[in-house]
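Listed here are the chains, written in short residue letters.
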Amino acid sequence: MGKTITLNHITKIEGHAKLELGIDKGKVKTCKLSAVEGSRYFEGLVRGRKYYEAHEMTSRICGVCSCAHVIAAISAIENALGYNPTEQTKTLRVLMTLGERIRSHATHLYFLALPDYVGYESALAMAPKYKPQLKNALNLMKVGNAVIKTLAARDLHPVSATIGGWLKLPTQQQVDEMRVQLESIRKDAREACKLFSSLKYPDFESKGEWFSLVDEKEYAVLDGKFSSKDNSFEKSEYRKFISEYHELYSSANFVVRENHRYTVGALSRLNNSHKQLSVNAKKMLKESGLKLPSYNPYHNVIAQAIDMMHSLDHAIEICKNLKIVPEEVQKIQPRSGTGVGAVEVPRGTLWHEYTLDDLGTITNANIITPTAQNLLNMQEDIREFVPSVLKKKKEDIIMDIEKLIRSYDPCFSCSAHFLEVKWV
Amino acid sequence: MSKKNTSAKSEKLNVGVYGITGCAGCQLSLIFNEDEILDVVNLVNLKAFPFIKEVNIDEQFDCVILEGLVADKGDLETVKKLRKNTKMLVSLGACACTGCVPAYRHFTLKENYEHLLYKKMEEIEDVDPTPIDEHVQVDYYIPGCPPDKKEIITFIKSVAKGIVPRPYQSPVCVECRRNGNTCLLDSGKPCLGPITTGGCDSVCINGGFECWGCRGPTKDMNLDLMIKMLRDRGFDDKFIQDRMRTFVGLKLPMLEKVMKPGEKPDKLQTQFYGEKIYYG
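The structure displayed is predicted, hence computed values, not measured ones.

What counts as what
Residues numbered from 1 in each chain as written. Chains lettered and ligands numbered in written order. Predicted model: local features only at pLDDT ≥ 70, side-chain atom pairs only at ≥ 80, totals over all residues. Helix = DSSP H or I, 4+ residues; strand = E, 2+ residues; numbered from the N terminus. Rg over C-alpha atoms; globule rule 2.2 N^0.38 Å. Contact = placed C-beta atoms within 7 Å. Buried ≥ 20, exposed ≤ 12 C-beta atoms within 10 Å, placed from the backbone. Axes fitted to C-alpha atoms, helices over the stretch in contact; angles between N-to-C directions. Parallel < 35°, antiparallel > 145°, perpendicular 65-115°, else oblique. Left-handed = near helix turned anticlockwise from the far one by under 90°. Nonpolar A, V, L, I, M, F, W, Y, C, P; charged D, E, K, R; others polar. Pairing = 2+ DSSP bridges. pLDDT = per-residue confidence, 0-100. Domains from an automatic or database assignment. Core = buried A, V, L, I, M, F, W, Y, C linked by C-beta atoms within 7 Å.

Draft legend 1. Layout of the overall build of chain A. Within chain A, the regular secondary structure consists of 14 helices and 18 strands. Here the C-alpha radius of gyration of chain A, 21 Å, is about what a compact globule of 424 residues would show, namely 22 Å. Considering only C-alpha atoms, chain A reaches an extent of 70 × 45 × 40 Å along its principal axes. Counting contacts in chain A only where the partners sit at least 6 residues apart, residues at least 24 apart contribute 73% of the total.

And the structure:
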């Protein structure tokens with residue numbers, strides 16, 4: 001007899017997703033993972049708008065990674081205009097991206113992922129017993145948010161970063177205060193690494209290819225080539241390698257690299273660039289017992305904790321060396337062209353591409369989010385993982401599947417979720 | 001493994017926090033009240049918050065706080081169901097209040113986005129992107145993209161105590177001046193502060209960025225004067241319309257008429273918000 005598992009509304013993820021699984025004689029016959037939320041067509045909405053308006057609009061794609069969309073959009077437009085930002089501007093953009101990694105990872109680790117591993121339905125329900133751990137999370141979130149707010153006025157949908165520079169620079173005093181705040185959460189980041197290293201993760205190996213930006217200079221943030229163990233290409237060539245397709249059952253596109261599934265995110269970054277981690281993050285990696293490269297997607301949770309430790313150290317290093325100099329926003333003459341921006345954001349590599357006409361009006365846009373790139377790999381992981389746990393109780397199978405989906409920290413972009421399980 | 005759910009049943013107000021199509025930023029803004037969130041959720045009986053809770057009971061609410069706009073058939077069903085199941089419905093954030101950037105689709109050419117359309121299953125078929133009050137009655141609005149995070153938590157605290165939230169109608173300029181900012185209109189920037197409802201502490205202008213109007217028009221806005229100020233600064237009509245419509249286009253149905261030479265519509269006031277706009 002065959003059976004079907006349908007997870008209609010998967011909770012504790014950003015967005016609205018659905019899984020349909022059909023099993024017959026111990027084999028997975030169908031496996032469809034889909035985003036089932038309303039389409040918003042951002043790439044269409046920015047057409048006809050000015051080059052300096054795109055980042056304010058595309059920021060609204062995602063709340064938790066709004067900095068990511070702002071920076072990716074600005075980088076792509078500047079690339080199209082042939083403009084290279086100043087060192088100070090680049091540094092501030094890196095700092096903002098790191099602040100976002102800290103708050104995003106802390107939110108995902110403790111509020112979305114952890115409850116599964118300690119047997120609670122939510123972080124709120126854990127509160128009475130896990131107060132110190134949640135305090136770690138809230139400290140990390142608070143300082144991550146404070147960094148973004150200091151640099152860009154708002155912690156969600158930040159506004160001070162712009163084409164050609166920074167609308168309002170932080171003062172030197174603010175930078176120094178930021179450093180003190182960041183240093184105050186080192187212990188929280190260490191606790192996070194210890195906690196997530198101590199959890200027990202299911203055994204599984206994904207067949208996807210692990211991609212991230214790899215930068216010779218440092219653990220990548222804004223620069224680098226898009227690389228895996230075996231492949232590497234320049235950002236500007238992305239259309240030659242990456243393609244998108246859609247399915248009737250999903251409102252998010254699937255993305256492949258020359259017809260191969262691949263994955264992006266913290267574990268990809270660790271697999272590809274762990275040698276460039278900060279001293280503290282390397283120490284935490286060693287203590288975690290995590291062997292790299294790891295192809296187990298469940299380990300993305302530990303990887304996020306270590307990535308967070310590194311991001312914190314990197315941010316502190318920047319604040320130590322940053323001497324703010326007054327700089328006006330550069331006026332850039334519009335011109336026609338196409339530009340690509342890619343940024344290592346909390347969930348992986350985010351791509352923005354814009355084409356402008358002579359007057360600086362946007363004529364085309366393409367945006368590929370980390371979750372879109374991970375979607376096929378997540379689906380195929382589930383297909384390959386499920387046969388190994390079919391002997392388990394049904395709620396345990398579902399738990400393992402949900403943990404797998406959540407370990408990718410997917411961002412389906414918001415909706416009502418209500419877990420409904422159909423088991424025939 | 002059975003899941004522990006420690007939220008106690010009591011005489012507290014039954015509250016649900018939901019999101020439909022949107023960016024989750026408003027729900028995150030609630031959570032990002034890092035010093036207060038764990039205590040504030042205990043002031044109410046939080047029956048549902050699917051973004052961070054697995055066990056959600058979606059009926060018999062006193063208050064539902066809803067983020068997002070209606071963009072597909074599933075959203076529409078959710079909105080109708082939640083309205084039926086709650087005494088008070090609160091639109092949280094620009095998508096819920098005005099449709100935000102996704103509803104700007106009404107004002108862009110079809111050729112701009114038709115290449116992105118494709119056939120989907122019936123349940124995720126598109127509907128016109130619209131704010132919640134186009135479909136059901138909304139009792140309170142917490143505007144902004146996103147709202148100030150303190151506003152959201154203050155709202156919950158007030159409701160928990162049975163206090164009726166008070167309306168706020170002053171334009172962004174009031175707080176902006178109080179914050180000592182240089183007027184961006186004076187430096188030639190297309191700032192919509194004069195016609196936009198404040199309560200945001202003029203946060204964007206504090207950061208050097210002009211107001212795009214995300215909190216919606218004030219009840220007594222002078223749209224004519226705003227348009228004149230922008231034209232005087234060299235912005236063409238297409239730019240002015242696009243900018244004003246980015247966040248709140250559906251709440252400015254009179255815009256086209258106002259911008260036509262010689263046209264004078266009788267009523268400029270928006271019906272939007274009424275007295276129920278909330279500011280903490």
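Right, picking up where we left off after that structure.
Draft legend 2. Representation of the overall build of chain B within the structure. A count of helical and extended segments in chain B gives 11 helices and seven strands. Counting the 280 residues in chain B, one finds 53% classified as buried.

Draft legend 3. Representation of the packing of helix α4 (residues 87-118) of chain A against helix α14 (residues 394-407) of chain A in the model. Residues and elements named next belong to chain A. Packing of α4 against α14 brings their axes to within 10 Å, and their N-to-C directions diverge by 155°. Relative to α14, the element α4 is oriented roughly antiparallel. When you trace α4 past α14, the crossing you get is left-handed. Residue-level inspection shows L112, A113 and D116 of α4 in contact with α14, the latter providing M399, E402, K403, R406 and S407. Counted by class, the contact of α4 with α14 contains three nonpolar, one polar and four charged residues.

Draft legend 4. Broad picture of unusual backbone geometry. The linkage connecting L292 of chain A with the following residue, P293 of chain A, adopts the cis geometry, with an omega of 0°. The omega torsion across C145 of chain B and P146 of chain B is -15°, close enough to zero to call that bond cis. Inspection of the secondary structure assignment puts P146 of chain B in the loop between β7 (140-142) and α6 (149-161). The backbone of D409 of chain A shows a phi angle near 50°, a positive value even though the residue is not glycine. Relative to the helices and strands, D409 of chain A resides in the loop between α14 and β17 (411-412). A residue is classified by how many C-beta atoms lie within 10 Å of it, and D409 of chain A, with 27 of them, is buried.

Draft legend 5. Structural context of the sheet that holds strand β14 (residues 337-345) of chain A. Residues and elements named next belong to chain A. Here three strands make up an open sheet; going across it, the order is β14-β15-β16 and the pairing antiparallel. The open sheet terminates on both sides in strands that have one partner only, identified here as β14 and β16 (362-368). Strand-to-strand twist across the sheet, computed as the mean angle between neighbouring axes with direction ignored, equals 15°. Of the pairings in the sheet, the one linking β14 to strand β15 (residues 348-356) comprises nine bridges and is antiparallel in character. Following the sheet pairing, G339 is matched in β15 by Y354. Here helix α3 (residues 66-81) sits on the sheet in contact with β14 and β15, set at roughly 150° to β14.

Draft legend 6. Representation of the confidence of the model for chain A. Of all residues in chain A, 96% attain a pLDDT of 70 or more, and the chain-wide mean is 92. Segment residues 414-424 of chain A: pLDDT under 50, and 51 contacts once partners within four positions in sequence are set aside and those in other chains are kept.

Draft legend 7. Quick peek at the domain arrangement of chain B. All names here are of chain B. If you check the domain split of chain B, you get domain 1 (14-161) and domain 2 (172-259). Listed by partner, the interface residues are 17 residues for domain 1 and 14 residues for domain 2. Among the elements that take part in the side of domain 1 that touches domain 2, helix α4 (residues 93-98) stands out by supplying three residues, more than any other. Partitioning the side of domain 1 that touches domain 2 into residue classes produces 10 nonpolar, five polar and two charged.

Draft legend 8. Up close: the interface of chain A and chain B. Contacts between the two partners involve 62 residues from chain A and, on the opposite side, 63 residues from chain B. Of all the secondary-structure elements, those providing two or more residues to the side of chain A that touches chain B are α1 (42-45), α2 (54-58), α4, α5 (123-126), α6 (131-152) and α14 of chain A. Considering every element that reaches the side of chain A that touches chain B, the biggest residue donor is α6 of chain A, with six residues. Of the residues assigned to the side of chain A that touches chain B, the class counts are 30 nonpolar, 17 polar and 15 charged.

Draft legend 9. Broad picture of the nonpolar core. Core analysis: the largest hydrophobic core is formed by 216 residues, its most contacted members being I77 and I306 of chain A together with L66 of chain B. The biggest single contributor to this core is α4 of chain A, with 13 residues. No fewer than three residues from each of domain 1 (14-161) and domain 2 (172-259) of chain B sit in this core. Look past the residues within four positions of L66 of chain B in its chain and what remains in contact with it is Y18, I20, L82, L89, V90, S91, L92, A96 and I132 of chain B.

Draft legend 10. How the structure looks around the environment of L33 of chain A. Residues and elements named next belong to chain A. Counting through the fold element by element, L33 comes out in strand β4 (residues 27-35). With 29 C-beta atoms counted inside 10 Å, the residue L33 sits in the buried group. Distance from L33 to E87, taken between C-alpha atoms, is 42 Å for residues 54 residues apart in sequence. Sequence-distant contacts of L33, defined by excluding residues within four places in its chain, comprise A17, L19, L375, M378, Q379 and I382.

Draft legend 11. Region of the structure containing the environment of N136 of chain A. Residues and elements named next belong to chain A. With respect to the helices and strands, the residue N136 is situated in helix α6. Separated by 56 residues in the primary sequence, N136 and A80 place their C-alpha atoms 42 Å from one another. Not counting the four nearest positions on each side in its chain, N136 is found in contact with D188, E191 and A192.

Draft legend 12. Region of the structure containing helix α10 (residues 266-273) of chain A. Where burial is concerned, most of α10 of chain A is hidden: eight out of the eight residues are buried. Buried within α10 of chain A are the following residues: A266, L267, S268, R269, L270, N271, N272 and S273 of chain A.

Draft legend 13. Spotlight on the environment of Y141 of chain B. Along the chain, Y141 of chain B turns up in strand β7. Each C-alpha atom of the pair Y141 of chain B and L89 of chain B lies 8.9 Å from the other, and the pair is 52 residues apart in sequence.

Draft legend 14. Geometry of the sheet that holds strand β2 (residues 45-48) of chain B. All names here are of chain B. On the basis of which strands lie adjacent, the open sheet formed by five strands has the order β2-β1-β3-β5-β7 and parallel pairing. Pairing within the sheet leaves two strands with one partner each, and these edge strands are β2 and β7. In this sheet, neighbouring strand axes are inclined to one another by 25° on average, regardless of whether the strands run parallel or antiparallel. Those strands touched by helix α3 (residues 73-85) are β1 (14-19), β3 (61-67) and β5 (86-92), and its axis lies near 135° from that of β5.

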